[in-house]
Amino acid sequence: MKENNINKILKDDGVDQSKIDINEFVNLNSVSLEKIKKKFGKAPWASRVAFNDRFGAVLICQNPGEGNRKHYHPDADECWFIVEGEWEWFIEGTGVKKVKAKDIVVVPKKTPHQIKCVGTKPGIRLAITKADVDHVYVK
């Protein structure tokens, strides 16, 4: 299955539709993470912060045990900056790896990957990839 609708992707990954915002904080010259966190309150939530013809960036906050479904992007690399919390990444070919705040993760196109928040508190990650990137889900 292939999908590129950000609202559907985030909803299917467990983010309540009422806590997904792709307009309010997008492409501002600057925005406070605290302002975004205050708007949404408790996890899970997601907010697009950049979007243009070359790339998109989305802040995603999830609770321990939450994450995304295993997928790959057929025509774009993806990277993440870990803002808060601890996460477990599965990247095909490298296995499972734990990452924490201030770490950067890069996954080449066509590489299946999956992420899960772990630890005792919600985590926030900034996902950056091609605008409206296709997600191809695998088992």
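Coordinates for the structure precede this section.
Parameters and conventions
Residues numbered from 1 in each chain as written. Predicted model: local features only at pLDDT ≥ 70, side-chain atom pairs only at ≥ 80, totals over all residues. Heavy atoms only, no water. Disulfide = S-S within 2.5 Å. Buried < 20%, exposed > 50% of the residue type's maximum accessible area, 1.4 Å probe, protein only. Core = buried A, V, L, I, M, F, W, Y, C linked by side-chain atoms within 4.5 Å. Helix = DSSP H or I, 4+ residues; strand = E, 2+ residues; numbered from the N terminus. Contact = heavy atoms within 4.5 Å. Salt bridge = Lys/Arg side-chain N within 4 Å of Asp/Glu carboxyl O.

Asks: Please set out the state of the cysteines residue by residue, giving values where relevant.
Replies: Applying the stated rule across the entire model yields 0 disulfides. Summary of cysteine pairing: Cys61 is not part of a disulfide, and the nearest cysteine sulfur, belonging to Cys117, is at 7.6 Å. Owing to a relative accessible area of 5%, Cys61 belongs among the buried residues under this scheme.

Asks: Give a description of the nonpolar core that names residues and reports values.
Replies: Judged by nonpolar contacts, the single largest core of 18 residues is most densely connected at Leu10, Trp87, Trp89 and Val105. When residues of this core are assigned to their parent elements, the largest contribution, 3 residues, is made by strand 7 (residues 86–91). Not counting chain neighbours up to four residues away, the residues in contact with Trp89 comprise Trp80, Ile82, Gly95, Val96, Lys97, Val99, Val105, Gln114, Ile115 and Arg125. Judged by nonpolar contacts, the second largest core, of 12 residues, contains Phe40, Val49, Ala50 and Leu59.

Asks: Tell me what's going on with the pattern of salt bridges, and back it up with residues and numbers.
Replies: Counted according to the given criterion, the structure contains 9 salt bridges. A salt bridge links Asp12 to Lys8; its shortest N-O distance comes to 2.6 Å. Taken as a pair, Asp12 and Lys8 lie in helix 1 (residues 6–12) at a separation of 4 residues, close to a single helical turn. Of the charged contacts in the structure, one is a salt bridge between Arg69 and Asp13, with a shortest N-O distance of 2.7 Å. Of this pair, Arg69 sits in the loop between strand 4 (56–62) and strand 5 (71–72) while Asp13 sits in the loop between helix 1 and strand 2 (20–21); the two residues are 56 residues apart in sequence, bridging distant segments of the chain. One continuous salt-bridge network, built from bridges that share partners, spans Asp21, Glu24 and Lys39.

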